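What follows is each chain in one-letter form.
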Amino acid sequence: MRQVNELTDLIAHFPGIGPRQARRVVQFLLSSGSAFREKLARLIIEVGQSASPCAICWRFDDLRGNKICSICSNESRDRDLLMVVEKDIDIEGIESSGAYRGLYFVLGGLMTMTERKSARIVRTRELITHIQNNETSEVIWALSTTPEGDYTAREIMKEINTVKPNVTTTLLGRGLSVGAEIEYADSETLRSALKNRA
Ligand SMILES: [Zn+2]
């Protein structure tokens, strides 16, 4: 059936979902009631209409006609600190730990050492421009503790050093185990990783 195939192809684009899992999701949708499918379809449309990327940090938020998200527009946040994360969901974990009062920047992806494919979605230029034009004095790297995460931080750090050499760069303390994703770290781990950044 054409729709089944098309839907399977679309779902296979989701992060962490391969063709086999995509087929299972489609099977699940077929066996769910029509009310469930209609609600899902409606919410997919609505979320696209209400959430847009913040012009400063690129986090998706309900901007309510503004260009800037609730974190970037919050006067009480510490504007010297800029934490660089890979994706929106990483911010949620760090916010709920309550340990961080600075600003964020969502990079959008990681650079890979072998293929430059992912470089297209990594907002390297935007990050460097942001640091140049703002009062950032410390950049905190909160990327996955994987070879790609380390490589991405190293490569972008080199560029930051050439445009704004007085910026301090720190990495979250490695209370986070190797291979850890910020997304899955608990609040206590994030609090101590932030305290032990170096
Ligand atoms: Zn923002």
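Along each chain, residues carry numbers from 1 onward, in the same order as the chain's sequence is written. Side-chain atom pairs in this predicted model are given and counted only at pLDDT of 80 or more, local residue features only at pLDDT of at least 70, and totals for whole chains, interfaces and linings cover all residues. Side-chain numbers come from the whole structure's heavy atoms, not from hydrogens or water.

1. Some remarks on the nonpolar core
Only buried Ala, Val, Leu, Ile, Met, Phe, Trp, Tyr and Cys residues count toward a nonpolar core, and they belong to the same one when joined by side-chain atoms within 4.5 Å. The buried label applies to any residue whose accessible area, calculated with a 1.4 Å probe on protein chains only, is under 20% of its type's maximum; exposed applies above 50%, and partly exposed to all values in between. Counting residues in each nonpolar core, the largest one holds 42 residues, and the members touching the most others are Met 83, Ile 94, Leu 127, Trp 141 and Ile 156. Two residues form a contact once any of their heavy atoms are found within 4.5 Å. Discounting chain neighbours no more than four positions away, the residues touching Leu 127 are Leu 82, Val 84, Phe 105, Leu 107, Trp 141 and Ile 156.

2. A look at the environment of Asp 62
Within the secondary structure layout, Asp 62 lies in strand S2 (residues 60–62). Separated by 62 residues in sequence, Asp 62 and Thr 124 have C-alpha atoms that sit 24 Å apart. Helix and strand assignments come from DSSP, with helices taken as H or I runs of at least 4 residues and strands as E runs of at least 2, each series counted from the N terminus.

3. Quick notes on the layout of surface pockets
Here the term cavity refers to a set of points on a 1 Å grid, laid over the protein atoms alone, in which a 1.4 Å probe fits but cannot get out; the term pocket refers to an open set having protein on both sides within 12 Å along at least five of seven lines, with lining residues being those that place an atom within 4 Å of a point. Grid points are joined across faces, edges and corners, and a volume is the space filled by probe spheres set on the points. The space that makes up the largest pocket amounts to roughly 330 Å³. Along its surface, the largest pocket is lined by 15 residues, and Leu 7, Ile 11, Leu 29, Leu 40 and Ile 44 are the ones closest to its centre. When contributions to the lining of the largest pocket are tallied by element, the ones reaching two or more residues are helix H1 (2–11), helix H2 (19–31) and helix H3 (34–50). Broken down by element, the lining of the largest pocket gets its largest block of residues, five residues, from H1. Gly is put with the polar residues, along with every residue not named as nonpolar or charged; the nonpolar set is Ala, Val, Leu, Ile, Met, Phe, Trp, Tyr, Cys and Pro, and the charged set is Asp, Glu, Lys and Arg. Among the residues forming the lining of the largest pocket, the class breakdown is 13 nonpolar, one polar and one charged. By volume, the second largest pocket is sized at about 200 Å³. Considering the residues around the second largest pocket, the lining is formed by 12 residues, among which Glu 86, Gly 109, Leu 110, Ser 144 and Glu 181 are closest to the centre. A per-class count over the lining of the second largest pocket returns two nonpolar, six polar and four charged.

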